[in-house]
Amino acid sequence: MAVDSEGTLQIRGETGPGVPVRVQVADDRIKITSADETLGDWAVSDIGIRDRTEGFAIRAEGEEIVLLLDDEVGFAVEIGLAGATPRLARKVATAYNPEERELIELESNDTRTRTNVLAIAFALGGVMILLGGSLLRTSPAASLSGAQSATSSGTDYWAAFVFGGVLMVAVAFVLSLGKQWARLAALLLVVGVVGVFGYLISTTEVSASHFAAYGFISGGIVVGVSVLFSGSLRTAD
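Conventions we followed
- Residues numbered from 1 in each chain as written.
- Predicted model: local features only at pLDDT ≥ 70, side-chain atom pairs only at ≥ 80, totals over all residues.
- Heavy atoms only, no water.
- Core = buried A, V, L, I, M, F, W, Y, C linked by side-chain atoms within 4.5 Å.
- Buried < 20%, exposed > 50% of the residue type's maximum accessible area, 1.4 Å probe, protein only.
- Helix = DSSP H or I, 4+ residues; strand = E, 2+ residues; numbered from the N terminus.
- Axes fitted to C-alpha atoms, helices over the stretch in contact; angles between N-to-C directions.
- Parallel < 35°, antiparallel > 145°, perpendicular 65-115°, else oblique.
- Left-handed = near helix turned anticlockwise from the far one by under 90°.
- Contact = heavy atoms within 4.5 Å.
- Nonpolar A, V, L, I, M, F, W, Y, C, P; charged D, E, K, R; others polar.
- Phe/Tyr/Trp six-rings, centres within 6.5 Å; stacked < 30°, edge-to-face > 60°.
- Pairing = 2+ DSSP bridges.

Engineer: Explain the nonpolar core to me, using residue names and the numbers behind them.
Structural biologist: Within the largest apolar cluster, 26 residues are counted, with the highest numbers of intra-cluster contacts made by F122, L136, F161, L175, F197 and L200. Elements that contribute at least two residues to this core include exactly helix 3 (98–138), helix 5 (158–176), helix 6 (181–203) and helix 7 (211–228).

Given below as structure tokens:
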């Protein structure tokens, strides 16, 4: 099938809206015109074409141009690039298979829902750790005089848990947006909190007045670790 589509062309590295063009693909040739001027007329086999996050990059005659088309699917199918990347394969599937389109939409919505639920759970873990740090700060042992008393009871760690809890809530918000780097941030954050809590337990005297604080902190850690190892979080985009 022949393809005749409107679009815009831009030399790679240049800024601006690009030049309005008409792109025709037929008999394994690509012709690009703007107004009455022919900008390019090449055999598909003589040029390099690759898919981008948006549009296509075409390398021809020593230059690389960026081509944005109204009919990306038709263009990709005609030049044999339809299954080259997940983005194009998905667009082709949704364009030619209504049932596949509905399935993809359902899967996307389900993934987003699970990601949001897990982000909320991660935020809840952060709130629990924050509350545990606050309880450490206000516990009776915190009012004891003398640096040794404070250190032995572990009350001087309260700020680390409050700060860690606040960061977990912030990272949970970013996770809900589907940012990939937030998954790594969440992992490092939980590892840090676990490290501080482990050091606290192993080097300080456990006081009965701190049981509630330790319970909230350990509960928040369990929630955070459970979210990270749930597997569903890794499906976020």
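Now, onward.
Engineer: Please give an account of the packing of helix 6 against helix 7 that cites residues and values.
Structural biologist: Interaxial distance between helix 6 and helix 7 falls to 10 Å at its minimum, and their mutual angle equals 150°. Comparing their axes, helix 7 and helix 6 come out roughly antiparallel. Crossing handedness for the pair helix 6 and helix 7: left-handed. Here R183, A186, L187, V190, V193, V194, F197, L200 and I201 of helix 6 come into contact with helix 7, specifically with Y214, I217, S218, I221, G224, V225 and L228. Partitioned by chemical class, the residues of the contact of helix 6 with helix 7 number 13 nonpolar, two polar and one charged.

Engineer: Quick rundown of the packing of aromatic side chains? Include the residues and the values.
Structural biologist: A complete count under the given rule lists three aromatic pairs for this structure. Arranged with centres 6.2 Å apart and planes meeting at 75°, the rings of F161 and F197 form a pair that is edge-to-face. Here F161, found in helix 5, pairs with F197, found in helix 6; they are 36 residues apart in sequence, far enough to count as distant. Centroid distance F197 to Y214: 5.9 Å. Interplanar angle 75°. Geometry classified as edge-to-face. You can see F197 sitting in helix 6 and its partner Y214 sitting in helix 7, a full 17 residues away along the chain. Taking relative accessible area as the criterion, F197 reaches 13% and is therefore assigned buried.

Engineer: Can you break down the sheet that holds strand 2 (residues 19–26) residue by residue, with the values?
Structural biologist: Spatially, 4-3-2-1-7-6-5 is the arrangement adopted by the seven strands of the open sheet, whose pairing is antiparallel. With one partner strand each, in any of the chains shown, strand 4 (37–43) and strand 5 (48–51) form the two edges of the open sheet. With strand direction ignored, the average angle separating the axes of adjacent strands in the sheet is 30°. By the bridge criterion, five bridges tie strand 2 to strand 3 (residues 29–34) in an arrangement that is antiparallel. Bridging from a neighbouring strand, A26 pairs with R29 of strand 3.

Engineer: Pulling in residues and values, what's your account of the packing of helix 5 against helix 6?
Structural biologist: Across the interface, helix 5 lies against helix 6 with an axial gap of 10 Å and an inter-helix angle of 160°. Between helix 5 and helix 6, the angle falls in the class roughly antiparallel. When you trace helix 5 past helix 6, the crossing you get is left-handed. The segment helix 5 lies against helix 6, with A160, F161, G164, L167, M168, V171, V174 and L175 engaging W181, A182, R183, A185, A186, L189, V193, V196, F197 and L200. Here the residues of the contact of helix 5 with helix 6 are counted per class, giving 16 nonpolar, one polar and one charged.

Engineer: Tell me about the pairing of strand 3, residues and numbers included.
Structural biologist: Hairpin connection from strand 2 to strand 3: two residues lie between these consecutive antiparallel strands, with D27 at a positive phi of about 55°. Relative to strand 4, strand 3 runs antiparallel, the two sharing six bridges. By the bridge assignment for strand 4, R29 is matched with A43. Following strand 3, the chain reverses through two residues before pairing antiparallel with strand 4; A35 in that reversal takes a positive phi of roughly 60°.

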